[in-house]
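Residue-level structure breakdown
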Amino acid sequence: MKHALLLGAAGLILSCGAPTASPDTDAATGPAPADRRVNRFGELMPKLMGDWIDAESEPGAVIHERWKPTGNGTYSGIGFVMADKDTVFIEHLWVASDRMGAIAYNVRVPSQDAGAPVAFSLTECAGDSMVFENPMHDFPRRIAYALQHDGTWYATVSGPGKDGSPRTLSYRFKPAP
């Protein structure tokens, strides 16, 4: 999954009287880290919606990602690489949460993993970045998106290369014209 690049739902409980600590909240610090991650994801993922391109990372190719909300806190996307007028790579993307609220970035590349989807769990989401990981996958094992101050997205996919050495691919996505 060379070109992988992302959903959120959170609940807010209101009560009368003084705040009390619970397993999910702390009176001094607010929501537990997992809740803060989900809350931030719910704010950050909508900013990835739309058409994005990177015409600089791979000579002779333009990398595209297209994201849209599909309802119920789920997002779908497609990633593809164009070399001249030929599509040389395509991946189907979607981000969804399970019944327990765990968020996963799912990738299906028809020519890889027997066409089966591969899930990457949201492991970090703070500031302007989201990180999804699957330590059992060959490559990548980590997919990260970071929103830049100029409105572009910096994305990386990383993990062990075929020879076992660390490998990272980086992309700078700008809004498509």
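What comes next concerns the included structure. None of these values were measured; they are calculated from a predicted model.

Turning our eyes to something else, we now look at the overall build of the protein chain. Of regular secondary structure, the protein chain possesses one helix and 12 strands. Starting at the N terminus and ending at the C terminus, the protein chain contains elements arranged as β-β-α-β-β-β-β-β-β-β-β-β-β. Looking at the protein chain as a whole, 39% of its 177 residues qualify as buried. Put simply, the protein chain shows about 10000 Å² of open surface, and 55% of that area lies on carbon and sulfur atoms.

This part takes up the environment of Tyr105. Relative to the elements of secondary structure, Tyr105 occurs in strand E7 (residues 103–108). Sequence spacing of Tyr105 and Phe132 is 27 residues, and the spatial spacing of their C-alpha atoms is 6.7 Å. In terms of polar contacts, Tyr105 uses its side chain to reach the side chain of Tyr145, at 2.8 Å.

Now for the packing of aromatic side chains. Across all of its chains, the model carries six aromatic pairs by this definition. With centroids separated by 6.0 Å and ring planes inclined at 45°, the aromatic side chains of Tyr105 and Tyr145 adopt a geometry described as tilted. In this pair, Tyr105 is assigned in strand E7 and Tyr145 in strand E10 (residues 142–147), connecting sequence segments 40 residues apart. Geometrically, the ring pair formed by Tyr171 and Phe173 is tilted, given 6.2 Å between the ring centres and 35° between the ring planes. With a relative accessible area of 2%, Phe173 lands in the buried category. Through a chain of ring-to-ring contacts, three or more aromatic side chains come together here, namely Phe41, Trp67, Tyr105, Phe132, Tyr145 and Trp153.

Among the secondary structure elements, Thr152 is positioned in the loop between E10 and strand E11 (153–160). Owing to a relative accessible area of 5%, Thr152 belongs among the buried residues under this scheme. Looking at Thr152, its side chain comes within polar contact range of the side chain of Asp150, at 2.6 Å. Leaving out residues up to four positions away in the same chain, Thr152 has contacts with Trp52, Ala146, Leu147, Arg172, Phe173 and Lys174.

The subject of this paragraph is the pattern of salt bridges. For the structure shown, the criterion picks out four salt bridges. The salt bridge partner of Glu43 is Arg40, with a shortest N-O separation of 2.8 Å. Note that Glu43 and Arg40 are positioned in helix H1 (residues 33–44) at a spacing of three residues, about one turn of the helix. Look at Glu43 and you get partly exposed, because its relative accessible area is 46%. A network of salt bridges, in which partner residues are shared, links Arg40, Glu43 and Asp128.

What follows concerns the sheet that holds strand E5 (residues 74–83). Spatially, the 10 strands close up into a barrel ordered E3-E4-E5-E6-E7-E8-E9-E10-E11-E12, and their pairing is antiparallel. Across the sheet, the mean angle separating the axes of adjacent strands is 25° when strand polarity is ignored. Of the pairings in the sheet, the one linking strand E9 (residues 129–133) to E10 comprises five bridges and is antiparallel in character. Directly across from Glu133, in E10, lies its bridge partner Arg142. Against the sheet, H1 contacts strand E6 (86–97), E7, strand E8 (118–126), E9, E10 and E11, and its axis sits at roughly 100° relative to E8.

What counts, and where the lines are drawn
Residues numbered from 1 in each chain as written. Predicted model: local features only at pLDDT ≥ 70, side-chain atom pairs only at ≥ 80, totals over all residues. Heavy atoms only, no water. Helix = DSSP H or I, 4+ residues; strand = E, 2+ residues; numbered from the N terminus. Buried < 20%, exposed > 50% of the residue type's maximum accessible area, 1.4 Å probe, protein only. Areas by Shrake-Rupley, 256 points an atom, 1.4 Å probe, with all protein chains shown as cover. Polar contact = N/O pair within 3.5 Å; in protein donor to acceptor, adjacent residues only side chain to side chain. Phe/Tyr/Trp six-rings, centres within 6.5 Å; stacked < 30°, edge-to-face > 60°. Contact = heavy atoms within 4.5 Å. Salt bridge = Lys/Arg side-chain N within 4 Å of Asp/Glu carboxyl O. Pairing = 2+ DSSP bridges. Axes fitted to C-alpha atoms, helices over the stretch in contact; angles between N-to-C directions.

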